[in-house]
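Next come the chains, spelled out residue by residue.
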Amino acid sequence: MAEVVVLGDVNVDIVARLESYPPHGGDAQPLDTQLQLGGSSLNTAIMLKRLGIDVALIARVGCDVLGDFAVTEIARNGLSTEFIQRDETTTTGTVYVAITPDGERTLLGGAGANRNLAASAIPFELIKVARWLHVTSYSVLGAASLEATMQAVRARHASVSSASLDIGHAPMRLAPDAVAQLARKMAVLMPSDDVAIARESWQWILRKQGAHGCVVEDTDGRTEHVPPFSVNVVDSTGAGDAFNAGFIAGQMRGLSEPESALLANACGAAACTVRGAGGALPKREVVMQLLHDAYPCGCELEASRILIAFHSKI
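All of these numbers come straight from a predicted model, not from anything done at the bench.

Visitor: Even after reading the chapter, I still don't get the overall build of the chain, so can you show me in this structure?
Guide: When helices and strands are counted, the chain shows 10 helices and 13 strands. A globule of 314 residues ought to have a C-alpha radius of gyration of about 20 Å, and the chain, at 18 Å, matches this closely. Counting only C-alpha atoms, the chain reaches 50 × 50 × 35 Å along its principal axes. Among the 314 residues that make up the chain, the fraction classed as buried is 56%. Considering only contacts within the chain whose residues lie at least 6 apart along the sequence, 68% involve residues at least 24 apart. Counting every atom, the chain has about 13,100 Å² of accessible surface; 52% of that belongs to carbon and sulfur. For the chain, the centre of its 25 positive side-chain charges and the centre of its 34 negative side-chain charges are spaced 5 Å apart.

Visitor: Please explain the sheet that holds strand 13 (residues 223–226) as it appears in this structure.
Guide: Backbone-to-backbone hydrogen bonds join strands into a sheet, with any given pair of strands oriented parallel or antiparallel. The nine strands lie next to each other as 5-4-1-8-9-10-11-12-13, forming an open sheet whose pairing is mixed. Of all strands in the sheet, those bounded by a partner on one side alone are strand 5 (84–87) and strand 13. When strand polarity is set aside, the average angle formed by the axes of neighbouring strands in this sheet is 15 degrees. Seen against the sheet, helix 7 (residues 239–252) touches strand 1 (4–7), strand 8 (132–136), strand 9 (163–167), strand 10 (188–191), strand 11 (204–208) and strand 12 (214–217) and runs at an angle of roughly 165 degrees to strand 8.

Visitor: Would you take a moment to explain the pairing of strand 9 for this structure?
Guide: Counting buried positions along strand 9 gives five out of five residues, so the element sits mostly inside the fold. Neither face of strand 9 is open: one carries Ala 163, Leu 165 and Ile 167, the other Ser 164 and Asp 166, and all of them are buried. The sheet contact formed by strand 8 and strand 9 spans four bridges and is parallel. Within the sheet, the bridge partner assigned to Thr 136 lies in strand 9 and is Asp 166.

Visitor: Explain the environment of Gly 109 here, please?
Guide: As for its placement among the helices and strands, Gly 109 is situated in strand 7 (residues 105–110). On the basis of relative accessibility, which here comes to 65%, the residue Gly 109 falls in the exposed class. Gly 109 sits 12 residues away from Val 97 along the chain, and the two C-alpha atoms are 8.5 Å apart. In this structure, Gly 109 is in contact with Thr 94 and Val 95, ignoring residues within four places of it in sequence.

Visitor: It is not clear to me how the sheet that holds strand 7 should be interpreted in this structure. Could you clarify?
Guide: Pairing in this open sheet of four strands is mixed, and the strands run 3-2-6-7 from one edge to the other. Both outer strands of the open sheet, strand 3 (32–38) and strand 7, are each paired with one neighbouring strand and no more. Across the sheet, the mean angle separating the axes of adjacent strands is 20 degrees when strand polarity is ignored. With seven bridges joining them, strand 2 (residues 11–17) and strand 6 (residues 93–99) adopt parallel strand pairing. For Asp 13, the partnering residue across the bridge sits in strand 6 and is Val 95.

Visitor: How should I be thinking about the nonpolar core in this particular structure?
Guide: Where a protein is soluble and globular, its nonpolar side chains tend to be buried together. In this structure, Val 4, Val 10, Leu 48, Leu 57, Leu 263, Leu 291 and Phe 310 are the most contacted members of the largest nonpolar core, which totals 61 residues. Top contributing element to this core by residue count: helix 8 (residues 257–271), with nine residues. Not counting the four nearest positions on each side in its chain, Leu 57 is found in contact with Val 6, Val 10, Ser 41, Leu 42, Ala 45, Ile 74, Leu 79, Phe 83 and Ile 84. Counting 35 residues, the second-largest nonpolar core is a separate cluster that includes Ile 122, Leu 165, Ala 175 and Val 195.

Visitor: In this structure, what is going on with the pattern of salt bridges? I would like to understand it.
Guide: Opposite charge on two side chains makes pairing possible when the charged atoms of those side chains draw close. According to the stated counting rule, one finds 15 salt bridges in the structure shown. Where Arg 253 meets Glu 3, a salt bridge forms, and the shortest distance between an N and an O atom there is 2.9 Å. Placement of the pair is Arg 253 in the loop between helix 7 and helix 8 and Glu 3 in the segment before strand 1, with a sequence separation of 250 residues. On the basis of relative accessibility, which here comes to 31%, the residue Arg 253 falls in the partly exposed class. Take Glu 3: its relative accessible area is 14%, and that puts it in the buried class. One salt bridge in this structure joins Glu 217 and Arg 199, with 3.0 Å as the shortest N-O distance. In this pair, Glu 217 is assigned in strand 12 and Arg 199 in the loop between strand 10 and strand 11, connecting sequence segments 18 residues apart.

Reading guide: rules and limits
Residues numbered from 1 in each chain as written. Predicted model: local features only at pLDDT ≥ 70, side-chain atom pairs only at ≥ 80, totals over all residues. Heavy atoms only, no water. Helix = DSSP H or I, 4+ residues; strand = E, 2+ residues; numbered from the N terminus. Rg over C-alpha atoms; globule rule 2.2 N^0.38 Å. Buried < 20%, exposed > 50% of the residue type's maximum accessible area, 1.4 Å probe, protein only. Contact = heavy atoms within 4.5 Å. Areas by Shrake-Rupley, 256 points an atom, 1.4 Å probe, with all protein chains shown as cover. Lys, Arg positive; Asp, Glu negative; His and termini not counted. Charge placed at Lys NZ, Arg CZ, Asp CG, Glu CD. Pairing = 2+ DSSP bridges. Axes fitted to C-alpha atoms, helices over the stretch in contact; angles between N-to-C directions. Core = buried A, V, L, I, M, F, W, Y, C linked by side-chain atoms within 4.5 Å. Salt bridge = Lys/Arg side-chain N within 4 Å of Asp/Glu carboxyl O.

Put into structure tokens, the structure is as follows:
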């Protein structure tokens with residue numbers, strides 16, 4: 001049985017590297033363009049797999065060429081395709097990703113089949129016995145995917161203490177009430193620093209601060225800043241999703257919340273050193289090397305505990 005179940009978006013990313021982002025009404029010729037696997041939940045699932053966590057991915061793609069590509073790439077990255085639904089009426093989710101020389105990415109997303117995720121095809125027994133459930137706020141943007149996600153969360157029952165929610169900018173802008181509804185049922189919230197979300201007294205919050213690390217807020221409202229890793233940023237696509245995986249993996253291996261957050265920072269930083277996400281995300285050895293060689297000042301003990309927990313030989 002899977003340790004972690006990840007439910008949510010799978011996309012195909014069209015990644016274009018630009019010299020500069022064009023002005024309104026202008027155009028740009030990419031330096032190069034790549035077709036890659038992506039999606040918030042997919043990226044988190046792949047990074048969990050990279051870290052040695054047994055993970056099951058539940059998602060939906062179209063019955064089209066891009067859907068075939070996605071299923072093939074999911075399998076190639078070591079994940080089971082058993083719970084990947086196929087949609088005969090809607091195309092696979094597609095995201096256009098523009099990368100500028102500073103490594104910043106601009107996304108134009110088309111959710112496609114993701115919004116039709118069917119509750120009737122979800123293995124709820126698997127969700128009940130897994131140690132952790134992770135979902136994405138993008139699921140609230142479709143009526144079917146919202147219902148499927150809420151049913152998955154309800155299936156956790158007493159295990160809700162091990163459930164997390166990644167909170168994206170677009171869902172907070174387009175459907176804040178639905179995000180809040182889902183957030184109230186999750187033990188760990190993972191928003192960006194500029195996303196305002198109410199916290200229940202029993203919830204943890206991990207605020208992603210990008211190049212500034214993250215802030216952990218515990219159930220008593222106390223906060224702790226966890227410092228970042230310094231890396232040469234190539235592309236920030238998928239960094240937040242890799243961050244999510246790092247925290248969950250730390251929890252699965254018995255680390256404290258601040259130690260898990262340091263591992264999350266390492267995963268997010270390592271993800272910034274490669275172009276694209278999905279199958280391009282860094283291997284476990286890259287993350288462990290960062291923890292061994294480039295841990296932030298004052299974090300030597302925490303980094304050592306992470307390396308021991310993951311049996312690193314570095």
